[in-house]
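A look at the structure
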Amino acid sequence: MKKLNVAIIGVTGSVGRQTVDVIKRNADRFDIQLITAHSNAVSLEQIGKELGAKRTILTKNGMGELLRAVDETELDVALVAAAGTDIIAVAYKLAQKGIKLALANKECIVSAGKFVMAAIKESGGMIIPVDSEHSALFQCMCGHRKEDIAGLVLTASGGAFRDLPKEALETVSIKDALTNPNWSMGQKITVDSATMMNKGLELIEARYLFDIEPNKLSVVIHPQSIVHSMVSYKDGAVLAQLGLPDMRVPIAYALGCGEERIDSGVKQLDFTQNMALTFSPPDID
Ligand code: NDP
Ligand code: MG
């Protein structure tokens, strides 16, 4: 089996470190060509040693070195787990070169989705989303025709403040916002999850990733975070993707390039235990 040449952009973050875990479980499949952090040089070097990475780059002084490295390195897949919009130029270059984008970063698609998607279309590349909802949607769309889709339903845990009355939101703190009931994530996305801004970003992300009309997109509150999203079809069938809330599942799916399933280290759902799955409409107000 030929090993895949991989880059991990933003390897020191929450998604980055979970990617390292998945890579280590499948060490015989991947050659780590390139890893990056923004400023955390110590962790970058340490992870570089653990993975036997060929090249490590810090991006705090700009994207120039990383852009050159993308040009100089033969890559099959790039897992983009850097936070924020600075990484757009890199995502765009990867898209132009037709390198498979295992994309966790949603800011790229929200702010430059039109351009990134156009570059992918032109180069014949592909995006395999890592954001769990979009990974679920991608998986539920495989083997189906886009014109048969009735709607994409994104699930939302509701975040840390789901059950608080509106008045109580005036006195909550950042510390309160940083305790997500189901997912362990970086700070920005955890706060965005508490304010529900994250779900707004994810609707825009879905709109570009899947080139779907906005009126076919909806959100449902699902506090258990077991159903990661659903696709409904015009015949009334609804396909859902389920699993424990652990980012290593969509990371492993993306690293398998949508072609094969690899070990993620995540336990199976246990249907011998009682499990209640509930769904309710979001309180738009
Ligand atoms: P973290 O804050 O945990 O990690 C961010 C990573 O990006 C670190 O490696 C950091 O390097 C690097 N970084 C920070 N700023 C910059 C910058 N300006 N340019 C380049 N790299 C930078 O974030 P998360 O892992 O939580 O999230 C990463 C991305 O994935 C975000 O876009 C988020 O929305 C998305 N995402 C995350 C999920 C999660 O479960 N965490 C779920 C779905 C999507 P350093 O350590 O040196 O600062
Ligand atoms: Mg998500």
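The sections below set out a description of the structure shown in this document. (Residues numbered from 1 in each chain as written. Chains lettered and ligands numbered in written order. Predicted model: local features only at pLDDT ≥ 70, side-chain atom pairs only at ≥ 80, totals over all residues. Heavy atoms only, no water.)

**Concerning the overall build of the chain**
When helices and strands are counted, the chain shows ten helices and ten strands. For the chain, the proportion of its 285 residues judged to be buried stands at 49%. Residue pairs at least 24 apart in sequence account for 64% of intrachain contacts in the chain once pairs closer than 6 positions are excluded. In the form shown here, the chain has an accessible surface area of approximately 14100 Å², with 52% of it arising from carbon and sulfur atoms. Once the 30 positive and 34 negative side-chain charges of the chain are each reduced to a mean point, those two points are 4 Å apart. (Helix = DSSP H or I, 4+ residues; strand = E, 2+ residues; numbered from the N terminus. Buried < 20%, exposed > 50% of the residue type's maximum accessible area, 1.4 Å probe, protein only. Contact = heavy atoms within 4.5 Å. Areas by Shrake-Rupley, 256 points an atom, 1.4 Å probe, with all protein chains shown as cover. Lys, Arg positive; Asp, Glu negative; His and termini not counted. Charge placed at Lys NZ, Arg CZ, Asp CG, Glu CD.)

**Considering the coordination of the magnesium ion (ligand 2)**
Protein coordination of the magnesium ion (ligand 2) is provided by D131 (OD), E133 (OE) and E202 (OE), with donor distances spanning 2.1 to 2.2 Å. Motif for the magnesium ion (ligand 2), donor spacing along one chain: D-x1-E-x68-E. Here D131, found in the loop between β6 (127-129) and α6 (132-141), pairs with E202, found in helix α9 (residues 197-209); they are 71 residues apart in sequence, far enough to count as distant. Relative accessible area serves as the criterion here: at 7%, D131 is assigned to the buried category. (Donors = N, O, S within 2.8 Å, 3.2 Å for Na, K, Ca; no water.)

**A few points about empty space enclosed by the protein**
Counting across every chain of the model gives one cavity of 30 Å³ or more. Put simply, the largest cavity is a space of about 40 Å³. Every residue along the wall of the largest cavity is listed here: S132, S135, A136, Q139, H228, Q241, V249 and P250. Here the residues of the lining of the largest cavity are counted per class, giving three nonpolar, five polar and no charged. (1 Å grid on protein atoms, 1.4 Å probe; cavity = no way out; pocket = protein on both sides within 12 Å on 5 of 7 lines; lining within 4 Å. Points joined across faces, edges and corners; volume = space filled by probe spheres on them. Nonpolar A, V, L, I, M, F, W, Y, C, P; charged D, E, K, R; others polar.)

**Observations regarding the pairing of strand β3 (residues 55-58)**
Sheet analysis places strand β2 (residues 30-37) next to β3, joined by four bridges and oriented parallel. Directly across from T36, in β3, lies its bridge partner I57. A crossover connection joins β2 to the parallel β3 through helix α2 (residues 41-51); in handedness this β-α-β unit is right-handed. (Pairing = 2+ DSSP bridges. Right-handed = clockwise from strand over helix to strand, strands pointing away.)

**Focus on the sheet that holds strand β9 (residues 227-233)**
Spatially, four strands are ordered β8-β7-β9-β10 in an open sheet, and the strand pairing comes out mixed. Taken across any chain shown, the strands that pair with only one partner, and hence form the sheet edges, are β8 (217-221) and β10 (238-242). On average, adjacent strands in this sheet sit at an angle of 20° to one another, irrespective of strand direction. In terms of strand pairing, β9 meets β10 through five bridges, oriented antiparallel. Bridge pairing links V227 to L242 in β10. (Axes fitted to C-alpha atoms, helices over the stretch in contact; angles between N-to-C directions.)

**Looking at α2**
Within the span of α2, buried status applies to S43, L44, I47, G48 and L51. The buried residues of α2 occupy an angular sector of 140° when projected down its axis, which confines them to one face. Summarising the geometry of α2, the exposed residues directed more than 90 degrees from the buried face are V42 and K49. (Arc of directions from axis to C-beta.)

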